[in-house]
Amino acid sequence: MASVFLWLALGFFALMVVYRFVKISSMPLHLRWELYPSPLEPNNYGGSFMENVDFINKPRPHLALGGVRELASEVFFLKKVREHNRHGLWPFSLAMHWGTYLLFCWLLLSAAGLASAAHAVDLIACLLGALGCLGLIVKRATNRELAAYTAPVDFFNLLFLLAIFATGLVGWTGLHKTVFGLFLVYMPFTRLFHFVAKYFTFDKIFWDDRLNLRGSDIEKRIQTQLGYKVTWGAAHIAAGKTWVDQVMITDAREGNKQ
Amino acid sequence: MTAKRVTPKDMGRMGDQPVVSYCVKDLMEIPGLESEPPIPPCSPAWKEKYDMSLDGFAAIGFPKPKTKAEEDAICARFLSGLEKLFDPENNWAFCQPLRLSYDYCMKCQTCSDACHNYVGSGRQEVYRPSYRAEVLRRLWQRYFTPEGKLLGSFVGADVELNWQTVARLAESAYRCTLCRRCSQTCPMAVDNGLITRELRKLFSQEFGMAPTEVLEKGVVQQLKTGSSTGMRPAGFRDAVEFLADDIGERIGRKIEIPIDKKGADVLLLHNAGEFLAWPENPAAFAILFNAAGINWTLSSEPMGYDGVNYGLWNDDVEYARVVIRQAQAAKQLGVKKIVVGECGHATKGMVVIADRVLTGDLSGSELGRESCLPLLAEIVKSGAIKFDPRKNDFPVTLHDPCNFARSMGIVAPQREVARAICPQFREMAPNGTQNYCCGGGSGFAICNSYNFKSWRNSVGARMKMKQIMEAFDGELDPQQYPFKYVCAPCSNCKGTLRDAIGHYGLWDKHRINYGGLVELMVNAMVDMDRPFIDREDFH
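The sections below set out a description of the structure shown in this document. As the structure is a computational prediction, the values presented were derived from the model and not from experiment.

Criteria and thresholds
- Residues numbered from 1 in each chain as written.
- Chains lettered and ligands numbered in written order.
- Predicted model: local features only at pLDDT ≥ 70, side-chain atom pairs only at ≥ 80, totals over all residues.
- Helix = DSSP H or I, 4+ residues; strand = E, 2+ residues; numbered from the N terminus.
- Rg over C-alpha atoms; globule rule 2.2 N^0.38 Å.
- Buried ≥ 20, exposed ≤ 12 C-beta atoms within 10 Å, placed from the backbone.
- Contact = placed C-beta atoms within 7 Å.
- Pairing = 2+ DSSP bridges.
- Axes fitted to C-alpha atoms, helices over the stretch in contact; angles between N-to-C directions.
- Nonpolar A, V, L, I, M, F, W, Y, C, P; charged D, E, K, R; others polar.
- Right-handed = clockwise from strand over helix to strand, strands pointing away.
- Expected span 1.5 Å × (residues − 1).
- Parallel < 35°, antiparallel > 145°, perpendicular 65-115°, else oblique.
- Left-handed = near helix turned anticlockwise from the far one by under 90°.

Before going further, it helps to examine the overall build of chain A. Helix and strand counts for chain A come out as 11 helices and 0 strands. Secondary structure elements in chain A, listed N-terminal to C-terminal, are α-α-α-α-α-α-α-α-α-α-α. Over its C-alpha trace chain A gives a radius of gyration of 24 Å, far above what one expects of a compact globule, namely 18 Å for 258 residues. If one aligns the C-alpha atoms of chain A with their principal axes, the spans along those axes are about 75 × 40 × 40 Å. Residue burial in chain A is summarised as follows: out of 258 residues, 34% are buried. Taking the intrachain contacts of chain A between residues at least 6 apart in sequence as the baseline, contacts between residues at least 24 apart amount to 51%.

Written as structure tokens, this is what we have:
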């Protein structure tokens, strides 16, 4: 019964991944807001194609592999936390993340019928995950700079995760599967679901330097969005007009003078 | 006195007592700095009229409401604006990045120490990059999410909304220079700089509220007169004529400064403030471009002679109004491309942000838009002008404007120039994309109302002053090293450095001066029979 629930929960989780991906993708195309260094650029010092005279007429090579490598180093090694976090979160966060990744590996191995390998992976997952969760709970409770920004729900989330790992460690397999299943249903409604967003925040915002050329798909999307209506309330803005109309006005306080 | 126990909830407490207050000894130490002016107390008259309860400083000057109805109106307007930030039509420009940064901050505080204001202030909590974002996030949760309404403080929705929360948030939006150094460190690519910008947008686009130098005396004035300086086309033409005469006297030969030359290859778009504060900068551009044989022009059309666009910092509507008129002015001249002079925000505004605003015959494929820095590097590399580096034989360091380095990835060209023509060039640390903001980014350089200048000098520019002192370590003695130069190819950075160098006495005590890149280039030109940089002049 627990196994069936877990697989159903996993299905729901997968659907939610797709749903969230589609939902974020369908938001309006934002203005360019890239941030350097970008791993897509061939220059290793952070330089971009904008360092070239007449860059619009020149090749602008990008390394897709650089982005994959950068995202992988974040997902699998939490590179930025290791390099920049001064509160000692990295080892615990890394352990918690790997504990979670290995839980999914456990499910895959189980599905493949590799029972003994699955059991071993589950055990490692639970050891790492429990250590990570405990460490993070202690850090967030005792470090004043972290505690001020940690809400009760954050502790609840960590305890929820800890419950998955703890039930696995003590060998309560049914409960282990049930708690994991419950977590998979719960997780999409929390910020723990951040791995979907991560693709967008890096690849579609920080590294998105695609130019808007005449006749391009980007231009078509922008032209559609310029037709949206503005309802901001400040006096210098003419509420109710589209963005296109809005920019023709110099100051709405002067009778929508164009 | 430091405010180490401050939490996001403190933004919602009532009363005039600032959430944080501090004095000079609480701030980050600058090694080698013997003394500095104290932070003057806040004027009682300002306190009576404006809310100064964030940190005792004001950039906006949020007027205190006089009645309960006014207080309620402030809160209602704030919530209305907050809702519009997440509306795909009202905020298509940034609603996706904002939504993601809002929803997925893991509150790990990995970003904190990247911030020059937070570290420079001795880690005052309200300047932590995630602080204002967290306050805003908790308010959003409390008023707009089912979990916040249902579970309240359990999910963190615990910040009280009252008129002072709003007033403090308004001021808080002007304690971050949007330099985005914190965003570089975030494992989730959450952008606290963007959240701050969007908070500014809420106040500008919903309340009509921003520092007067940015909105009313800035972009509104620019749209009315043609320039944020208030300079009209006739005034601009006079200024250029004066500049040509002045250069003639200075270098011993007359030079031509083309205006409104149809079909030129390049429209050079300066920050018009350069003509008033640092005329040697547009003068140096004219000398260089003429000597290099570039087919260039200035424009005297309204908006065509001022590259600034203060809407970049706080107001998408004003930003779009300005940039479209600037591009139209270039199009009317029939130039091939716009090259923006030494101004970071103007360059980012014109080259990057404009890219998804300008369409049709104003799009990038029809009208090029570039920074001047690659062109300057090409002038040096091509040999079109002969330079003698010995003319610049004094210590030089380089400040990377954030908008060039971090927001555009323009890092190498300015170094190629500096290394080629300055034998004593040295980097400051960190540099390039990892640079620290000068402290004047996102409009701070021009915000001088109330006591904001004091804050900018004491806190905002503090990290940059430390970097400069370290870059010239061992050469601070004014007798032995009578002239040192901080190269800052950006108008706002120069304005900040001018004030901060004065504030800390670095010119008087150590002979540290500042200026742009083109001044160094002209100073090193073989063809010049006299120095272009006056080593006794600090202005």
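A separate point is the sheet that holds strand β3 (residues 266-269) of chain B. Residue and element names in this part refer to chain B. Pairing within the open sheet is parallel, and its 4 strands lie in the order β4-β3-β5-β6. Looking at the sheet topology across the chains shown, the edges are occupied by β4 (296-297) and β6 (368-371). Judged from the 4 bridges that link them, β3 and strand β5 (residues 337-340) form a sheet pairing that is parallel. Paired with Leu269 across the two strands is Val340, which belongs to β5.

This part takes up the sheet that holds strand β7 (residues 396-398) of chain B. Residue and element names in this part refer to chain B. Strand order across the open sheet formed by 4 strands is β8-β7-β9-β10, with parallel pairing between neighbours. Here the strands that pair on one side only, and so sit at the sheet edges, are β8 (425-427) and β10 (512-515). The mean inter-strand angle of the sheet, taken between neighbouring strand axes irrespective of direction, is 30°. For β7 and strand β9 (residues 484-487), the ladder comprises 3 bridges, and the chain directions are parallel. Paired with Leu398 across the bridge in β9 is Cys487.

Below, the discussion takes up the interface of chain A and chain B. As a measure of interface size, the accessible area lost when the parts come together is often cited. Of the residues lining the interface, 74 residues belong to chain A; the matching set on chain B comes to 79 residues. Looking at the side of chain A that touches chain B, the elements with two or more residues in it are α3 (79-84), α6 (144-147), α7 (152-169), α9 (194-206), α10 (217-225) and α11 (243-248) of chain A. No other element matches α9(A), which puts 8 residues into the side of chain A that touches chain B. Of the residues belonging to the side of chain A that touches chain B, the class tally is 40 nonpolar, 20 polar and 14 charged.

Residues and elements named next belong to chain B. Neither face of β10 is open: one carries Ile512 and Tyr514, the other Asn513 and Gly515, and all of them are buried. Both β9 and β10 contribute to a ladder of 4 bridges, which runs parallel. Each residue of the ladder has a partner; that of Cys487, found in β10, is Gly515.

Attention now goes to the pairing of β6(B). Residue and element names in this part refer to chain B. Alternating positions in β6 separate into two faces, Gly368 and Glu370 on one and Arg369 and Ser371 on the other, with burial throughout. Pairing of β5 with β6, which is carried by 4 bridges, proceeds in the parallel orientation. By the bridge assignment, Val340 is partnered in β6 with Ser371. Between the parallel elements β5 and β6, the chain passes through helix α16 (residues 344-352) in a crossover that is right-handed.

So, on to helix α5 (residues 115-142) of chain A. All names here are of chain A. Here α5 is 28 residues long and its end C-alpha atoms lie 40 Å apart, about the 40 Å a rise of 1.5 Å per residue gives. Taken together, the buried positions of α5 are occupied by Val121, Asp122, Ala125, Cys126, Leu128, Gly129, Ala130, Gly132, Cys133, Leu136 and Arg140. In this structure, the buried residues of α5 make contact with α4 (90-111), α6 and α7.

Time to look at the environment of Gly273(B). Residues and elements named next belong to chain B. Looking at where Gly273 falls in the secondary structure, it is placed in helix α12 (residues 273-277). On the neighbour-count criterion, Gly273 (23 C-beta atoms within 10 Å) is buried. Separated by 219 residues in sequence, Gly273 and Asn492 place their C-alpha atoms 9.3 Å apart. For Gly273, the contacting residues outside a window of four places in its chain are Thr229 and Ser491.

All right, on to the packing of α4(A) against α5(A) then. Residue and element names in this part refer to chain A. At their nearest, the axes of α4 and α5 sit 7 Å apart, and the two run at 155° to each other. With respect to α5, the element α4 is oriented roughly antiparallel. The element α4 and its partner α5 pack so that their crossing is left-handed. Across the contact of α4 with α5, the residue classes tally to 19 nonpolar, 7 polar and 2 charged.

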